[in-house]
Amino acid sequence: MITMEELQSAIRQRIAKYNNNDFSLAKRAINTCELLESRNQILAQEITSTFDVPRQNLSAMDGYAIAKGSDISKDSMIEIIGESQAGSAYTGELTAGQGVRIFTGAVVPNGCDTVIMQENTNFAAIRDTLDKSQPYRITLSKAAKTDSNIRKQGEEIESGEAVLTVGKRINPADISLLANLGVSQVHVFKPLIVGMLATGDELVAIGGELESLAQIYNSNTPTLKTLLADLPITIRDYGIIPDDLDKTTEAVTKAMQNCDVLISTAGVSVGDYDFLTTVIEKLGQINHYKVAMKPGKPFVFGELTQNVDKPVLYFGLPGNPLSTIVGALQFVIPALWQMSGAAEHEQPIQLSVKARLIADLKKSVGRKDFQRGILSQNDQGEFSVENFSKQDSHRIKQLSHANCLIVLAQESGDLSAGEMVDVQPFSWS
């Protein structure tokens, strides 16, 4: 049995090899994606700017653009002969001692090298008497510095500069950047195809009827689909597979012919009717099976290799709802981001905070433990957390009411109220 950290490392290393050799990113299919549909897609081609940003010298302030050679010391006077607005630049000639009224974002006229803030002039005192159709004079109430308050052409982005590189996970700020550059489409890696299947004679798809007291609804597949909704993947649902070796083999064989990844829930324990591990070993190999964590100890990481042109990576999750969520958060989601081609610094980080326990907490030494809790923050910004008294992994109501996982180290035992613990808030909380 390996530690959670060892399994995470093993998965990362295997996927790095997969991305470089088995299914090289350099050879992946590329889709053209509309900019407004590109959030969380992985950029497959570098994007360069076709023009400078700013395209011209722009004013960073409301005030006055002053001609080169002007006296800009305190109490000097400047003749104002025009106006430059955003979208309507002043195009006339200016000489030393002259300037134009200018507004934030407006083009600085040729021949001007300084913008003086209107607050540093007598503008407020004379504004009500001005006839802006005629030249008028302002007095500087404070000395100015040459080149001040000007956003220089190309100071942010130069024409031909790469603004986003391959592996970028496109976020709303990226969409803002690209929209400013007039980019309407981006080239992204074609989404991975992720197959899902659930196993168990007791399972019924939601929307169906529970015909006996032995039956339960399949909650894990809807849960996984929701957890993976932000990923750039295409999900194929292979339904509920009965506890039968031949039917399990048939379902896995079908899925591996059409998928890049296969995820299953339940059927990976050692019960008489748990056939998935047998099938995976027959059609490929199991790289890791048991991990020292609770819940989620029987987590299978393997690969399917029989009669496929590249390995199909396999993640076998336990059947209990909490085990499914914990396994997905700690292993599956990071793995899929990496497989999708996201650069290492673009892969989402699992947020963790320190919080003070409100009540005593029970834990056995030997496995890393994830317990459901309620995280809160006081007016001073300090976090505290309260765990639920019962932590059975099948308790779905507690899971719904929790807003975090309390993460307890493998070597830790019982903890007392007031001790500090690591907490992972749920991203949806």
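Residues numbered from 1 in each chain as written. Predicted model: local features only at pLDDT ≥ 70, side-chain atom pairs only at ≥ 80, totals over all residues. Heavy atoms only, no water.

Participant: Could you give me a rundown of a nonpolar patch on the surface, with the residues and numbers involved?
Facilitator: Together, Ile206, Leu210 and Tyr217 give the surface a local cluster of nonpolar side chains, amounting to about 280 Å² of exposed area. The exposed category is assigned to isoleucine 206, whose relative accessible area is 58%. (Patch = residues over 30% accessible without salt bridge, like charges linked within 9 Å, V, L, I, M, F, W, Y side chains within 5 Å. Areas by Shrake-Rupley, 256 points an atom, 1.4 Å probe, with all protein chains shown as cover. Salt bridge = Lys/Arg side-chain N within 4 Å of Asp/Glu carboxyl O. Buried < 20%, exposed > 50% of the residue type's maximum accessible area, 1.4 Å probe, protein only.)

Participant: I'd love a proper account of the nonpolar core, names of residues and values included.
Facilitator: If you look at the biggest cluster of nonpolar residues, it comprises 45 residues, and the most contacted ones within it are Ile263, Phe299, Phe315 and Leu336. Looking at this core, the elements with two or more residues in it are α1 (4-22), β12 (192-199), α4 (220-227), β16 (261-265), β19 (298-304), β20 (312-317), α7 (321-339) and β24 (404-408). Residue contributions to this core peak at twelve residues, all from α7. With sequence-adjacent residues up to four places away left out, phenylalanine 315 is seen in contact with Ile11, Val261, Leu262, Ile263, Ser264, Phe299, Val300, Phe301, Val332 and Ala335. Counting residues in hydrophobic clusters, the runner-up holds 19 residues, among them Val252, Val268, Val279 and Val312. (Core = buried A, V, L, I, M, F, W, Y, C linked by side-chain atoms within 4.5 Å. Helix = DSSP H or I, 4+ residues; strand = E, 2+ residues; numbered from the N terminus. Contact = heavy atoms within 4.5 Å.)

Participant: Any details on the side chain of threonine 249? Residues and values, ideally.
Facilitator: Along the chain, threonine 249 turns up in helix α5 (residues 245-258). Among the polar contacts listed, one links the side chain of threonine 249 to the backbone oxygen of leucine 245, at a separation of 2.8 Å. Beyond its immediate sequence surroundings of up to four residues, threonine 249 is in contact with Val279, Lys282 and Leu283. (Polar contact = N/O pair within 3.5 Å; in protein donor to acceptor, adjacent residues only side chain to side chain.)

Participant: Any chance you could break down the sheet that holds strand β17 (residues 284-290) for me, citing the residues and the numbers?
Facilitator: A sheet is described by the order of its strands in space; here six strands give the open sequence β15-β12-β16-β20-β19-β17, paired in mixed fashion. Only two strands of the sheet have a single partner each, and these edge strands are β15 (233-241) and β17. Strand after strand, the sheet turns through a mean of 20 degrees between neighbouring axes, direction not considered. Those strands touched by α4 are β12, β15, β16 and β20, and its axis lies near 155 degrees from that of β12. This element, α5, spans β12, β15, β16, β19 and β20 of the sheet and lies at about 170 degrees to β15. (Pairing = 2+ DSSP bridges. Axes fitted to C-alpha atoms, helices over the stretch in contact; angles between N-to-C directions.)

Participant: Please give an account of the packing of α5 against helix α6 (residues 276-283) that cites residues and values.
Facilitator: Running from N to C, α5 and α6 cross one another at 50 degrees; their axes reach a closest spacing of 10 Å. Taken together, the axes of α5 and α6 lie oblique to each other. For α5 against α6, the interelement crossing comes out right-handed. Each of Leu245, Thr248, Thr249, Val252, Thr253 and Met256 in α5 lies in contact with α6, whose residues at this interface are Leu276, Thr278, Val279, Ile280, Lys282 and Leu283. (Parallel < 35°, antiparallel > 145°, perpendicular 65-115°, else oblique. Left-handed = near helix turned anticlockwise from the far one by under 90°.)

Participant: Break down the pattern of salt bridges for me, citing the residues and quoting the values.
Facilitator: Evaluated as defined, the whole model comprises 13 salt bridges. Note that glutamate 83 is salt-bridged to lysine 132, the shortest N-O span being 3.2 Å. Placement of the pair is glutamate 83 in strand β5 (residues 77-84) and lysine 132 in the loop between α2 (123-126) and β8 (136-139), with a sequence separation of 49 residues. In this structure, a network of salt bridges that share partners links the residues Arg14, Asp22 and Glu303.

Participant: Provide a residue-level description of the sheet that holds strand β4 (residues 63-67), including the pertinent values.
Facilitator: One open sheet accounts for five strands, arranged β7-β4-β6-β5-β8; its pairing is mixed. For this open sheet the edge positions go to β7 (112-117) and β8, each flanked by a neighbour on one side alone. Neighbouring strand axes in the sheet, compared pairwise and without regard to direction, differ in orientation by 40 degrees on average. Sheet analysis places β4 next to β7, joined by five bridges and oriented antiparallel. Across the sheet, glycine 63 pairs through a bridge with methionine 117, a residue of β7.

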